[in-house]
Amino acid sequence: MSAAAAFGLAFAVPASAAPSAAAPAQAPAAADSAAADGCYTWSGTLQEGSSGEAVRQLQIRVAGYPGSGGDIAIDGQFGPATKAAVQRFQSAYGLGADGVAGPATFGKIYELQDDDCSPVNFDYGELNNCNSDWSGGQVSAATAKANALVTMWKLQAMRHAMGDKPIQVNGGFRSKACNDNVGGAPNSRHMYGHAADLGAGSQGFCALALQARNHGFGEILGPGYPGHDDHTHVAGGGGQFWSAPSCGL
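Numbering of residues begins from 1 in every chain and follows the order in which that chain's sequence is written. Restriction of local features to residues with pLDDT of at least 70 applies here, the model being predicted, together with a cutoff of 80 or more for giving and counting side-chain atom pairs; totals for whole chains, interfaces and linings are based on all residues. The basis for every side-chain value is the complete set of non-hydrogen atoms in the structure, without hydrogens or water.

**Some points on helix H5 (residues 141–161)**
Labels follow the DSSP assignment, with helices taken as runs of H or I lasting at least four residues and strands as runs of E lasting at least two, numbered in each case from the N terminus. In this analysis, the expected span of each helix is defined as 1.5 Å times one less than the number of residues it contains. Taking 1.5 Å of rise per residue, 21 residues should cover 30 Å, and H5 covers 31 Å from first to last C-alpha, within 8% of that figure. We call a residue buried when its accessible area falls under 20% of the maximum for its residue type, exposed when it is over 50%, and partly exposed in between, using a 1.4 Å probe and counting protein chains only. Most of H5 is tucked away: 17 of the 21 residues are buried. At the C-terminal side of H5, Gly-163 shows a positive phi close to 85°.

In structure tokens:
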């Protein structure tokens, strides 16, 4: 199993010219407005053929829009799959779905993320009730936390597709010790930060399992699969194994 690259925050600092005597008092506001977000600020536009850290950051935010059974590589390369994901994201929020990420697309992302880069409806604490530093898993602590961030953005997309009703997260990352304590699978994706266990909430386990197919989760386990009658398990990280027999999956 290949773990995602460690997540690195990048902050764009707007350039500002020294004020002149002739400049109006409010002139700095235009420059200040470029610092649009406390987590990450894009400049310009991104489209098919673009590459680099700005694309990688965008891919994290649209990871939940790959289409049914799909998964988006978080590789900093803006190819056809990323374009299609951007289009689905744009359509989901009523934006012009041209697959080009510009001010309107970034503006919506800024609305959807907190200053720590997590989506507004999920947080790191929900994805880790094992320890405080993300250590002890099958990958480095930084990688596990980065993978959990992608998982949260997938859940954010799933939540929006289900009418913006809250999704209950009962667990996520596990160290090897935590995994052993709960009787987890020997190579559980929880130990990579890729997985989340969901409570029924108002949607129900089966609705969650079926919806997860559209949001980049290659592993979906739910009612009817051994040990999963009381939760729906979703995970990324490559491959595809869906089994929730009681839900017709």
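From this point, things continue past the structure.
**Section: the side chain of Asp-37**
Mapped onto the elements of the fold, Asp-37 is located in the loop between helix H1 (28–32) and helix H2 (53–61). It turns out Asp-37 is buried and unbridged, and the closest side chain with the opposite charge, Arg-61, is 6.1 Å from it. Counted as a polar contact is a pair of N or O atoms within 3.5 Å, where, for protein atoms, one must be capable of donating a hydrogen and the other of accepting one, and residues adjacent in sequence contribute only when both atoms are in side chains. Within the structure, Asp-37 has its side chain in polar contact with the backbone nitrogen of Tyr-40 (distance 3.4 Å). Dropping the residues within four chain positions of it, Asp-37 is found in contact with Tyr-110 and Gln-113. Asp and Glu count as negative and Lys and Arg as positive, but His and the ends of the chain are not part of the count. Definition used for salt bridges: Asp or Glu carboxyl oxygen within 4 Å of a side-chain nitrogen of Lys or Arg. By definition in these notes, contact holds between two residues if any of their heavy atoms fall within 4.5 Å.

**So, the pattern of salt bridges**
One pass over the full model with this rule turns up six salt bridges. With a shortest N-O distance of 3.5 Å, Asp-71 and Lys-154 are connected by a salt bridge. Of the two residues, Asp-71 is situated in the loop between H2 and helix H3 (80–92) and Lys-154 in helix H5; the sequence distance between them amounts to 83 residues. Between Lys-108 and Glu-111 there is a salt bridge, with its nearest N and O atoms 2.9 Å apart. Of this pair, Lys-108 and Glu-111 both sit in helix H4 (residues 103–112), three residues apart, which is roughly one turn of that helix. By relative accessible area, Lys-108 is classed as buried at 18%. Overall, the relative accessible area of 54% leaves Glu-111 in the exposed class.

**Description of the nonpolar core**
Soluble globular proteins tend to pack their nonpolar side chains together in the buried interior. In terms of nonpolar packing, the biggest core is built from 53 residues, with Trp-42, Leu-46, Leu-58, Phe-106, Leu-155, Met-158 and Leu-198 touching the most fellow members. Listing elements by their share of this core, those giving two or more residues are H2, H3, H4, H5, strand S2 (195–198) and helix H7 (205–212). No other element matches the nine residues that H5 contributes to this core. Put simply, a nonpolar core is a bunch of buried Ala, Val, Leu, Ile, Met, Phe, Trp, Tyr and Cys residues held in one set by side-chain atoms that sit within 4.5 Å of each other.

**Concerning the confidence of the model for the protein chain**
A residue's pLDDT is simply how confident the predictor is in it, with values from 0 to 100. With 86% of its residues at a pLDDT of at least 70, the protein chain reaches an overall mean of 89. In the model, residues 1–34 has pLDDT below 50 throughout and makes 43 contacts with residues more than four positions away in sequence or in other chains.

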